[in-house]
There are 2 protein chains.
Amino acid sequence: MAEKTEAKREKVLYVVGMGPGEEKMMTLQAREILENCDVIAGYTVYVDLLRERFPDKEFYSTAMKQEWKRCREVLRMADAGKKAVMVCSGDAGVYGMASPILECSEEFPQVKVRVIPGVTAALAGSALLGAPLAHDFAVISLSDLLTPMEQIEKRLRYAALGDFAICLYNPSSRKRADYLKRACDVLLECRDRQTLCAVVRQIGREGEEFHLLSLEELREYQADMFTTVFIGNASTKKVRGRMVTPRGYKKEGEKE
Amino acid sequence: MAEKTEAKREKVLYVVGMGPGEEKMMTLQAREILENCDVIAGYTVYVDLLRERFPDKEFYSTAMKQEWKRCREVLRMADAGKKAVMVCSGDAGVYGMASPILECSEEFPQVKVRVIPGVTAALAGSALLGAPLAHDFAVISLSDLLTPMEQIEKRLRYAALGDFAICLYNPSSRKRADYLKRACDVLLECRDRQTLCAVVRQIGREGEEFHLLSLEELREYQADMFTTVFIGNASTKKVRGRMVTPRGYKKEGEKE
């Protein structure tokens with residue numbers, strides 16, 4: 001009992017990954033925390049979805065690019081004793097809010113930050129496609145909002161040289177319409193133009209769809225901000241219309 | 001109604017990622033599929049855990065290294081009309097069973113394979129640590145069961161050169177006691193010896209623990225088969241005892 005009382009007094013901010021879309025892709029833990037919290041903070045678009053689902057909660061949302069303000073505000077609420085949750089789509093750590101919240105939390109030493117993982121788009125998209133990330137893989141964002149383009153291109157080059165399967169986040173936006181093409185040009189320096197690739201749109205949401213295509217064809221594809229891109233390694237192949245990377249270079253078990 | 005009847009007649013094999021440990025880290029979707037299936041197949045150790053939880057199900061387990069046999073058998077059950085599930089720890093795609101099941105399913109064209117994603121150890125370990133994978137990252141397995149050691153070392157080298165945050169799976173086993181040391185030697189060729197690293201043990205299970213250490217110290221660490229290893233990028237830092245990778249190289253929002 002003493003422990004329970006103590007736990008109640010502890011100031012905690014949860015950073016929760018909600019998975020890629022529908023509620024069923026959330027973990028049990030994530031849902032339980034949402035059900036038991038007082039206030040939910042996040043991007044306007046996610047918060048609006050949760051408002052209907054949890055009508056009795058307090059909500060706090062800010063637009064994109066005001067993330068530090070949002071972090072500080074939600075930490076302040078937790079510090080004031082509210083059970084506060086910062087929600088992210090996908091996983092809380094992968095390009096999510098866990099990192100800025102932790103950095104910002106140095107100003108709030110009484111608040112413990114607990115990160116609750118979720119299914120990121122790389123895993124959800126991969127499941128839909130088949131198994132493109134079944135061997136070593138790299139995840140790279142094409143957004144140059146916080147990263148210089150040279151650094152992004154360097155990563156693409158080394159991921160290609162290492163024959164990693166690659167998942168690309170943020171392949172396009174209004175301001176970066178040709179970024180996927182530029183990324184493909186870098187990859188084509190050392191990867192075969194027939195390398196099996198795929199695009200997945202609206203993962204875990206209505207209208208979810210995928211297409212398999214070659215790296216050469218990917219170069220011409222017009223991605224939007226709802227697209228996640230997959231590039232196979234040298235062994236990735238089409239199996240029954242799906243994208244499958246074998247789990248190694250040696251043959252497995254009975255197939256030998 | 002017509003659609004429902006049709007769905008019932010469809011032959012489906014689910015490959016389900018259960019997350020890293022406790023049931024609460026499973027997705028709602030994964031649990032629903034386990035609740036509604038007839039037969040659950042997988043490694044002996046996972047199947048034994050589920051046996052208690054779902055006492056009325058049929059179970060099918062085989063030891064390690066008999067995976068192709070297990071794939072064929074569970075596909076045969078699905079083909080015979082049973083609602084069959086192949087379970088994997090973590091995610092079904094990341095070094096999981098989705099890939100061999102899909103390859104094997106070419107022999108069973110009537111059976112549709114549906115992959116259900118889960119929280120892989122990279123994400124669950126990352127959440128515990130803070131946010132080590134908040135920027136571009138690579139996942140590499142040190143197991144040379146199916147991959148030649150030269151290929152593994154090549155991947156380590158390029159991931160290090162690209163300044164990816166890195167998550168290492170299977171850092172050790174009885175036969176490969178010195179593999180983590182070898183991996184660190186490759187990384188130390190181009191990464192600073194003070195690079196922030198971490199080891200996480202028993203993710204999502206009782207006895208879960210983590211330690212932060214430098215790359216130099218990681219070289220001397222004796223990992224076991226329950227360990228997952230994280231290597232930071234050049235910007236990764238310690239924040240309140242946690243491991244945090246900033247989300248970019250430029251400064252964010254209000255901090256500018």
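Further up the page is the structure itself.
Since the model is a prediction, treat every value here as computed from it, not as a measurement.

A. Up close: the packing of aromatic side chains. For the structure shown, the criterion picks out five aromatic pairs over all chains. Where A:Tyr43 meets A:Tyr46, the ring centres are 5.7 Å apart and the plane angle is 50°; that geometry is what we call tilted. Here the basic side chain of B:Arg155 rests over the ring of A:Phe164, its NZ or CZ set 5.5 Å away from the ring centre. Just above the ring of B:Tyr179 sits the side chain of B:Arg182; from NZ or CZ to the centre is 5.2 Å.

B. Main features of the sheet that holds strand E5 (residues 111–116) of chain A. All names here are of chain A. Ordered by their spatial adjacency, five strands build an open sheet running E3-E2-E4-E1-E5, and the pairing between neighbours is parallel. In this open sheet, the two edge strands, each paired with only one partner strand, are strand E3 (58–62) and E5. When strand polarity is set aside, the average angle formed by the axes of neighbouring strands in this sheet is 20°. Direction of pairing for strand E2 (residues 39–43) relative to strand E4 (residues 84–88): parallel, over a ladder of three bridges. In the sheet register, Ala41 faces E4, and the bridge partner there is Met86. Across the sheet, helix H3 (residues 44–53) lies against E2, E3 and E4, angled at about 140° from E2, the strand it touches most.

C. Region of the structure containing the interface of chain B and chain A. Facing the 79 residues of chain B at the interface are 79 residues of chain A. In total, about 7100 Å² of surface goes out of reach between chain B and chain A, with carbon and sulfur atoms giving 58% of it. At the boundary of chain B with chain A, the tally comes to six salt bridges. Across the pair B:Asp136 and A:Arg155 runs a salt bridge whose closest N-O atoms are separated by 2.7 Å. Where chain B packs against chain A, one counts 40 residue pairs in polar contact (both at pLDDT 80 or more). Here the element with the most residues in the side of chain B that touches chain A is helix H7 (residues 149–161) of chain B; it accounts for six residues.

D. Focus on the sheet that holds strand E6 (residues 130–131) of chain B. Residue and element names in this part refer to chain B. Spatial ordering of the open sheet is given by E6-E13-E12, a layout of three strands whose pairing is mixed. Edge positions in the sheet fall to E6 and strand E12 (237–239), since each has one partner strand and no second. Bridge analysis of E6 against strand E13 (residues 242–244) gives two bridges, and the strand direction is parallel. Bridge assignment links Gly130 to a residue of E13, and that residue is Met243.

E. Seen up close, the relation of the copies chain B and chain A. Expressed as a screw operation, the relation of chain B to chain A combines 0.0 Å of axial shift with a rotation of 180°, fitting to an RMSD of 0.0 Å. Expressed as an axis order, the relation between the two copies is that of a two-fold axis. The overlap is high: 100% of the interface residues of chain B also sit at the interface in chain A, so the same surface is used on both sides.

F. Highlighting the packing of helix H7 (residues 149–161) of chain A against helix H8 (residues 179–188) of chain A. Residue and element names in this part refer to chain A. Following both chains from N to C, one finds H7 and H8 inclined at 45°, their axes separated by 9 Å at the closest point. By the angle between their directions, the pair H7 and H8 is classed as oblique. The way H7 lies across H8 gives a crossing that is right-handed. For the pair H7 and H8, contact is made by Met149, Glu153, Leu156, Arg157 and Ala160 and by Tyr179, Arg182, Ala183, Val186 and Leu187, respectively. Here the contact of H7 with H8 is composed, by residue class, of seven nonpolar, no polar and three charged.

G. Seen up close, the side chain of A:Asp91. With respect to the helices and strands, the residue A:Asp91 is situated in the loop between E4 and helix H5 (98–104). There is no salt bridge for the buried A:Asp91, and the closest opposite charge comes from B:Arg247, which lies 11 Å off by N-O distance. Among the polar contacts made by the side chain of A:Asp91, one reaches the main-chain amide nitrogen of A:Gly118 at a distance of 2.9 Å. Beyond its immediate chain neighbours, meaning those up to four positions away, A:Asp91 contacts A:Gly17, A:Gly96, A:Pro117, A:Gly118, A:Val119, A:Thr120 and B:Leu123.

H. Spotlight on the pairing of strand E8 (residues 165–169) of chain A. Residue and element names in this part refer to chain A. For E8, the buried fraction is high: five of the five residues fall into the buried class. Of the two faces of E8, the one carrying Ala165, Cys167 and Tyr169 and the one carrying Ile166 and Leu168 are both buried. Bridge count between strand E7 (residues 137–141) and E8: five bridges; the pairing is parallel. Within the sheet, the bridge partner assigned to Ser141 lies in E8 and is Tyr169. Regarding the hand of the β-α-β motif, the stretch spanning E7, H7 and E8 is right-handed.

I. Representation of the nonpolar core in the model. In terms of nonpolar packing, the biggest core is built from 50 residues, with A:Leu156, A:Leu168, A:Leu218, B:Leu156, B:Leu168 and B:Leu218 touching the most fellow members. Those residues in contact with A:Leu218, other than ones at most four positions away along the chain, are A:Leu180, A:Cys184, A:Cys197, A:Val199, A:Leu213, A:Val229 and A:Ile231. Core analysis: the second largest hydrophobic core is formed by 42 residues, A:Val94, A:Leu129, A:Leu196 and B:Val200 among them.

J. Highlighting the pattern of salt bridges. Residues and elements named next belong to chain A. Following the criterion strictly, the structure yields 42 salt bridges over all chains and no others. A salt bridge links Glu23 to Arg31, with the shortest nitrogen-to-oxygen separation between them at 3.7 Å. The exposure class of Glu23 is partly exposed, given its relative accessible area of 25%. Between Glu35 and Arg31 there is a salt bridge, and its shortest N-O distance comes to 3.8 Å. Placement of the pair is Glu35 and Arg31 together in helix H2 (residues 28–36), with a separation of four residues, close to one helical turn. Through salt bridges with shared partners, a single network forms among Glu23, Arg31, Glu35 and Arg53.

About the thresholds
- Residues numbered from 1 in each chain as written.
- Chains lettered and ligands numbered in written order.
- Predicted model: local features only at pLDDT ≥ 70, side-chain atom pairs only at ≥ 80, totals over all residues.
- Heavy atoms only, no water.
- Phe/Tyr/Trp six-rings, centres within 6.5 Å; stacked < 30°, edge-to-face > 60°.
- Lys NZ or Arg CZ within 6 Å of the ring centre and 35° of its normal.
- Pairing = 2+ DSSP bridges.
- Helix = DSSP H or I, 4+ residues; strand = E, 2+ residues; numbered from the N terminus.
- Axes fitted to C-alpha atoms, helices over the stretch in contact; angles between N-to-C directions.
- Contact = heavy atoms within 4.5 Å.
- Buried area = accessible area lost by both parts, 1.4 Å probe.
- Salt bridge = Lys/Arg side-chain N within 4 Å of Asp/Glu carboxyl O.
- Polar contact = N/O pair within 3.5 Å; in protein donor to acceptor, adjacent residues only side chain to side chain.
- Least-squares fit on C-alpha atoms with pLDDT ≥ 70 in both.
- Parallel < 35°, antiparallel > 145°, perpendicular 65-115°, else oblique.
- Left-handed = near helix turned anticlockwise from the far one by under 90°.
- Nonpolar A, V, L, I, M, F, W, Y, C, P; charged D, E, K, R; others polar.
- Buried < 20%, exposed > 50% of the residue type's maximum accessible area, 1.4 Å probe, protein only.
- Lys, Arg positive; Asp, Glu negative; His and termini not counted.
- Right-handed = clockwise from strand over helix to strand, strands pointing away.
- Core = buried A, V, L, I, M, F, W, Y, C linked by side-chain atoms within 4.5 Å.

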